[in-house]
Amino acid sequence: MKSIFIDCTLGISGDMLASAFLDLGIPRSILLDNLASLNIDKNYNLEFKEGNSEGIKGIFCIKKEIQFKESYRSLNDVKNLLMDSGLNEYVKKKSIRVYEILAEAEAVVHGKEISDIHFHELGSIDSILDIVNVCSAINYLKPDKIYFSNPPAGKGIVSTLHGLLPVPVPTVLEIARKNEIPLMVIDDKYCGEITTPTGIALIATFIDKFGQPDNINIKKIGIGLGSKNISRPNFLRVLLIEGVDDYKDNNKPFFETIISHEAWIDDSTPEDIAILIERLRSAGAIDVVCYPVDMKKNRKGICIKAIVYPKKQNLLREVWFNYSTTIGIRENKINRWILPRRIVTHKTKFGEVNVKQTIRPNGQISIKIEHKDITKISLSTGISIEEIRQRLFIELSDFYKLDDWSH
């Protein structure tokens, strides 16, 4: 699974992101051809050059405009410009979505209808080209997922066509609020805008998940430099990564990250503990174990451990705090390797039984019959569990074909 991780810890803008994609290996022609596709005035010159920011090497964008003046553009003006261009449909659609996010935020900030919004700096050819270039780069890469780090809030005051505005500027704050984008406060001596409206609108358009993936195989790194000299490294980086899913094979173990919860309890009855364990399993725990421990003041207690997939960890926390006497749990990420396995239903002379199939790296296949099914057969037939197990294994001796490991 090919993904990209955009590390915008130090800031994000459209030109920084486009430059980072170019440094990552996007063909230069992809970005330069956008000038012709947009029917932009021939006097407009776009260049990408190598440079460094406080010792960090990367690519920065230079836009030279000669006798080229623009009026303010409405959302419809931008949409018409994009729709009438020679860009492909994906780039048109995503670029328009970025501008819709910007227009929606501007409408809230200024208390106007979206149709009455006219972009100033955001409607310039500079901004349009930055957005189109980023959308074109993502279209070229076609990642399965896009991860972003939390963008920085910045601080200070900036001068705009609306006058002096505090940082983050109102449009950035509104986009962050509406799209639930957490802004990060960093210890930075620089006072000024480091997350631009274009940058955060691109995040809102393309984000699949915040934060760096737990396990990544880095294939390429691209560095995009900012144009401002802010007495510290000013760059954004894009990582082309392959997740562990790329290494899953039908007969090879695969790697995954899960969550471990643990609590020590000394003030609950065994009956209460039994109910708690059942609730944890019902809430999605992969498994739950418990064992006695010696706690403070020589009290005898019970250690309860549960493992769960990350998407269910919040639900498990609610179970711990609502249905047990504990006032705290230990929570950790843990990694594990597991063999491919699946549970399938097979018809036997005793009726249907569920069988777990597992394949080992050497190709050997093992099966295990669900014990509850064997017990049910034993109770209904009067035959011992061991004899039923042996008969079923004989009957299932040819049941080793593994054709589909998607479930």
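Anything mentioned here points back to the structure above.
Residues numbered from 1 in each chain as written. Predicted model: local features only at pLDDT ≥ 70, side-chain atom pairs only at ≥ 80, totals over all residues. Heavy atoms only, no water.

Q: Let's hear about the sheet that holds strand β18 (residues 365-369): which residues, and what values?
A: Pairing within the open sheet is antiparallel, and its three strands lie in the order β16-β17-β18. The sheet terminates laterally at β16 (341-348) and β18, the two strands that pair on one side only. Along the sheet, successive strands turn relative to each other by an average axial angle of 35 degrees, direction set aside. Here β16 pairs with strand β17 (residues 351-359) via eight bridges, running antiparallel. Among the inter-strand pairings, Ile-343 is bridged to a residue of β17, identified as Lys-356. Along the sheet, helix α11 (residues 385-395) contacts β16, β17 and β18; its crossing angle with β18, the most-contacted strand, is approximately 140 degrees. (Pairing = 2+ DSSP bridges. Helix = DSSP H or I, 4+ residues; strand = E, 2+ residues; numbered from the N terminus. Axes fitted to C-alpha atoms, helices over the stretch in contact; angles between N-to-C directions. Contact = heavy atoms within 4.5 Å.)

Q: Tell me about the pairing of strand β8 (residues 163-166), and please be specific about residues and values.
A: Pairing geometry for strand β7 (residues 157-160) and β8, over four bridges, is antiparallel. By the bridge assignment for β8, Val-158 is matched with Leu-165. With antiparallel pairing between neighbouring strands as the criterion, β7 and β8 make up a hairpin whose turn holds two residues.

Q: With reference to specific residues and values, describe the environment of Glu-352.
A: Tracing the backbone through its elements, the reader meets Glu-352 in strand β17. In the structure, Glu-352 is positioned 21 residues away from Asp-373 in sequence and 8.4 Å away in space, judged by C-alpha atoms. Beyond its immediate chain neighbours, meaning those up to four positions away, Glu-352 contacts Thr-345, His-346 and Lys-347.

Q: Outline the pattern of salt bridges, listing residues and values.
A: In this structure the tally under the stated criterion is 17 salt bridges. The salt bridge partner of Glu-89 is Lys-92, with a shortest N-O separation of 3.6 Å. Residue Glu-89 and its partner Lys-92 are located together in helix α4 (residues 89-110), separated by three residues, close to a single helical turn. Measuring nitrogen to oxygen at the nearest pair gives 3.9 Å for the salt bridge that ties Arg-330 to Glu-262. Of this pair, Arg-330 sits in strand β15 (residues 330-338) while Glu-262 sits in strand β12 (residues 254-265), and the two are 68 residues apart along the sequence. Assessed through its relative accessible area of 16%, Glu-262 is described here as buried. Taken together, the salt bridges that share partners define one network made up of Lys-79, Arg-97, Glu-100, Glu-104 and Lys-178. (Salt bridge = Lys/Arg side-chain N within 4 Å of Asp/Glu carboxyl O. Buried < 20%, exposed > 50% of the residue type's maximum accessible area, 1.4 Å probe, protein only.)

Q: Give me the lowdown on helix α5 (residues 125-141), citing residues and values where you can.
A: Its 17 residues place the ends of α5 24 Å apart at the C-alpha level, agreeing with the 24 Å of an ideal helix rising 1.5 Å per residue. Across the 17 residues that make up α5, a large majority, 15, are buried. Of the residues one or two after α5, Lys-142 is the one with positive phi, at around 50 degrees. (Expected span 1.5 Å × (residues − 1).)

Q: Talk me through the nonpolar core; I want residue IDs and the actual numbers.
A: One finds Ile-6, Leu-17, Phe-21, Ile-175, Leu-236 and Val-238 to be the most contacted residues of the largest nonpolar core, which totals 65 residues. No other element matches α5, which puts ten residues into this core. Those residues in contact with Val-238 that sit more than four places away from it in its chain are Ile-4, Phe-5, Ile-6, Leu-17, Ala-20, Phe-21, Leu-24, Lys-220, Ile-221 and Gly-222. With 16 residues, the next largest nonpolar core counts Ile-265, Ile-277, Ala-283 and Trp-320 among its residues. (Core = buried A, V, L, I, M, F, W, Y, C linked by side-chain atoms within 4.5 Å.)

Q: Any chance you could break down the packing of aromatic side chains for me, citing the residues and the numbers?
A: This structure, assessed with the given rule, holds two aromatic pairs. Look at Tyr-99 and Phe-119: their rings are 5.3 Å apart centre to centre, the planes differ by 65 degrees, and that puts the pair in the edge-to-face class. With Tyr-99 in helix α4 and Phe-119 in strand β5 (residues 118-119), the pair connects residues that are 20 residues apart, well separated along the chain. This pair shows no difference in class: Tyr-99 is buried, exactly as Phe-119 is. Aromatic pair Phe-255 and Trp-337: ring centres 5.1 Å apart, planes at 65 degrees, arrangement edge-to-face. Of this pair, Phe-255 sits in strand β12 while Trp-337 sits in strand β15, and the two are 82 residues apart along the sequence. Relative accessible area serves as the criterion here: at 60%, Trp-337 is assigned to the exposed category. When the ring centre of Trp-264 is taken as origin, the NZ or CZ atom of Arg-330, which lies over that ring, is 5.1 Å away. (Phe/Tyr/Trp six-rings, centres within 6.5 Å; stacked < 30°, edge-to-face > 60°. Lys NZ or Arg CZ within 6 Å of the ring centre and 35° of its normal.)

No statement about biological role is implied by the geometric values presented.
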